[in-house]
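Structure at a glance
Chain by chain, the residues:
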Amino acid sequence: MTEHDDGTGRRWDGGLLDLDAYLARIGHTGDLSPTPETLRALHRAHVLAVPFENLEVLLGRPVLLDLPALQDKIVRGARGGYCFEHARLFAAALERLGFGVTGLSSRVGMGSDRVRPATHAVLRVETAETPETGRVWICDVGFGAGPLEPVGFADGAATADSGWSFRLERRAAPGAPPGTGEWTLRERRADGGGWLDLHTFTANPQYAVDWVVGSHYVSTHPRSPFVRRPVVQRTGPDVRQALHGTTWTTTVRADGSRRERKLEPHEVPKVLEDVFGIALDAEDAAALAAVLERLPADDGPAEVPAG
């Protein structure tokens, strides 16, 4: 048992993390003290370095959330992952550095009023200054198209970067007891269409075992978008890249302009490597191309990512 493992499953295995390897993976060389400035730098570095992807599901392999598996895949293997993998790894790093970390689960809506399962993972984070200032942060490193930096855990807190803005709002939950409001992360549409609700969560703590359940659902349920086609995203300082099925979309942050290209299945592995930083070996590249060959000619509009 380490100082970051109390044997209850309520902590994040920070003591097992190869911190130097993780910092090298995300390219962070700055201060490591548990301050808001360090948190912002780590969050930005992680989002820019580690892509969102569900390729293990398409390749017929389980998505493992234990820290050794995540280090093998994301840190040493230079791969990405979906939200549960991102949040689990980032939680371990923050815990190791002395931040206070609580897991939360969120419902991805993307503007819909329909209640969906809570299958997105975010973190509530306290810094060394929190006891004095009371300021707490929401870290969302695994959304794939979320903020580059943490958002203050307060009604109306906002962050903006390169033309895209995000805001956190507290709302009364329909039918819920007084004082049990929900928090919604919103994004300002670059096309001038107002604000879009991305996902909604409560402050109810979640633990690693809860995320294992959610991850199993999104990686196996037949209605999950992750079991039918690739969902890959990478955020840059100025551009957001996305691959849904065989459709590659580039969105420019500054003006919201988009360009799309339909790829042939055999082109996808090279685009994954050149654009998303995901290098598959020959066997996995061939297996993925075979999966893509079996997709319907029109694989439909992009569905809401669930994890």
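Shown above is the structure to which this text applies.
Things to note about the environment of Pro237
Checked against the element boundaries, Pro237 lands in the loop between strand 10 (231-235) and strand 11 (239-244). Separated by 193 residues in sequence, Pro237 and Arg44 have C-alpha atoms that sit 9.4 Å apart. In this structure Pro237 touches Leu48, Asp161, Ser162 and Arg253, once residues within four positions along its chain are discounted.

Brief notes about the nonpolar core
The biggest cluster of nonpolar side chains holds 63 residues, and the ones touching the most others in it are Tyr22, Leu94, Leu123, Leu272 and Leu288. The leading source of residues in this core is helix 5 (residues 83-97), at 10 residues. Apart from residues no more than four positions distant in its own chain, Leu94 is found in contact with Leu39, Leu42, Phe99, Val101, Leu123 and Val125. Within the second largest apolar cluster, 17 residues are counted, among which are Val151, Phe153, Leu168 and Leu196.

Description of the packing of aromatic side chains
The way to describe two aromatic rings as a pair is by their centre distance and the angle between their planes. Applying the stated criterion to the full structure yields seven aromatic pairs. Between the aromatic rings of Phe52 and Phe226, the centroid separation amounts to 5.9 Å while the plane-to-plane angle is 55 degrees, which identifies the pairing as tilted. Of this pair, Phe52 sits in strand 1 (residues 52-53) while Phe226 sits in the loop between helix 7 (208-220) and strand 10, placing them 174 residues apart in sequence. On the accessibility criterion, Phe226 (0% relative accessible area) is buried. Through pairs of rings, three or more aromatic residues link up here, namely Trp12, Phe52, Tyr82, Phe84, Trp211 and Phe226. A cation over an aromatic ring shows up here: Arg167 above the ring of Trp195, its NZ or CZ 4.1 Å from the ring centre.

Remarks on the sheet that holds strand 7 (residues 164-171)
The strand order across the open sheet built from eight strands is 5-4-3-2-9-8-7-6, with neighbouring strands paired in antiparallel fashion. With partners counted over all chains shown, the strands left at the sheet margins are strand 5 (151-152) and strand 6 (158-161), one partner each. Inspection of the sheet shows strand 7 paired to strand 8 (residues 182-188) by six bridges, in the antiparallel sense. Of the residues in strand 8, the one forming a bridge with Glu169 is Thr184. Contacts from helix 2 (residues 36-49) reach strand 3 (120-126), strand 4 (136-139) and strand 6, with the element oriented near 5 degrees to strand 4.

Looking at the pattern of salt bridges
Applying the stated criterion across every chain, the model contains 22 salt bridges. Taking the shortest distance from any N to any O, the salt bridge between Asp13 and Arg88 comes out at 2.4 Å. Placement of Asp13 in the segment before helix 1 (19-26) and of Arg88 in helix 5 is noted, with a sequence separation of 75 residues between them. On the accessibility criterion, Asp13 (18% relative accessible area) is buried. A relative accessible area of 5% means that Arg88 is categorised as buried. Overlapping salt bridges, with partners in common, bring together Glu53, Glu56, Arg61, Arg79 and Asp284 in one network.

Rules used in this analysis
- Residues numbered from 1 in each chain as written.
- Predicted model: local features only at pLDDT ≥ 70, side-chain atom pairs only at ≥ 80, totals over all residues.
- Heavy atoms only, no water.
- Helix = DSSP H or I, 4+ residues; strand = E, 2+ residues; numbered from the N terminus.
- Contact = heavy atoms within 4.5 Å.
- Core = buried A, V, L, I, M, F, W, Y, C linked by side-chain atoms within 4.5 Å.
- Buried < 20%, exposed > 50% of the residue type's maximum accessible area, 1.4 Å probe, protein only.
- Phe/Tyr/Trp six-rings, centres within 6.5 Å; stacked < 30°, edge-to-face > 60°.
- Lys NZ or Arg CZ within 6 Å of the ring centre and 35° of its normal.
- Pairing = 2+ DSSP bridges.
- Axes fitted to C-alpha atoms, helices over the stretch in contact; angles between N-to-C directions.
- Salt bridge = Lys/Arg side-chain N within 4 Å of Asp/Glu carboxyl O.

All we've got here are geometric facts, nothing functional implied.
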